[in-house]
Amino acid sequence: MKKYIITYHLRNKEKIYDAFYDAIKTNMPEYRHVLEDMWIVKSDKTAGEITHLLLPHLYLGSPRADSIFVAEINAENVE
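What counts, and where the lines are drawn
- Residues numbered from 1 in each chain as written.
- Predicted model: local features only at pLDDT ≥ 70, side-chain atom pairs only at ≥ 80, totals over all residues.
- Heavy atoms only, no water.
- Core = buried A, V, L, I, M, F, W, Y, C linked by side-chain atoms within 4.5 Å.
- Buried < 20%, exposed > 50% of the residue type's maximum accessible area, 1.4 Å probe, protein only.
- Helix = DSSP H or I, 4+ residues; strand = E, 2+ residues; numbered from the N terminus.
- Contact = heavy atoms within 4.5 Å.
- Pairing = 2+ DSSP bridges.
- Arc of directions from axis to C-beta.

Let's talk about the nonpolar core
Counting residues in hydrophobic clusters, the biggest one holds 15 residues, and the most contacted among them are Ile-6, Phe-20, Ile-24, Val-41, Ile-50 and Leu-54. Only strand S1 (2–9), helix H1 (18–27), strand S3 (38–43) and helix H2 (47–54) provide two or more residues apiece to this core. If we ignore the near neighbours within four places in the chain, the residues touching Leu-54 are Ile-6, Phe-20, Ala-23, Ile-24 and Ile-68.

Thoughts on the pairing of S3
Judged by which residues are buried, S3 turns out to be one-sided: Trp-39, Val-41 and Ser-43 face inward and are buried, whereas Met-38, Ile-40 and Lys-42, on the alternate face, are not. Direction of pairing for S1 relative to S3: antiparallel, over a ladder of six bridges. From the neighbouring strand, Ile-6 faces S3, where its bridge partner is Trp-39. With five bridges joining them, strand S2 (residues 30–35) and S3 adopt antiparallel strand pairing. Across the sheet, residue Tyr-31 finds its bridge partner in S3, namely Val-41. Connecting the antiparallel pair S2 and S3 is a turn made up of two residues.

Topic: H1
Those residues of H1 that sit buried are Phe-20, Ala-23 and Ile-24. The buried residues of H1 occupy an angular sector of 95° when the element is viewed end-on, so they sit on one face. Check the buried side of H1 and you find it contacts S1, S2, S3, H2 and strand S4 (67–73).

Listed below in structure tokens is the structure:
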């Protein structure tokens, strides 16, 4: 399994994001909510697959669209 960082900015104050958080918790074998807008997870999925899994739970309409960034992390790219 690989480790990933998931970071995001949730801009829609009227949206309830429980489904977004539940998608992380139920689809990642291991997870840690390390900062308010950041998780470290372990998964067999790719970064793209994780992103596509979470996108339906975000607000993507403009002008205040949410944003998300998912990247693999390992000992070589973490200082």
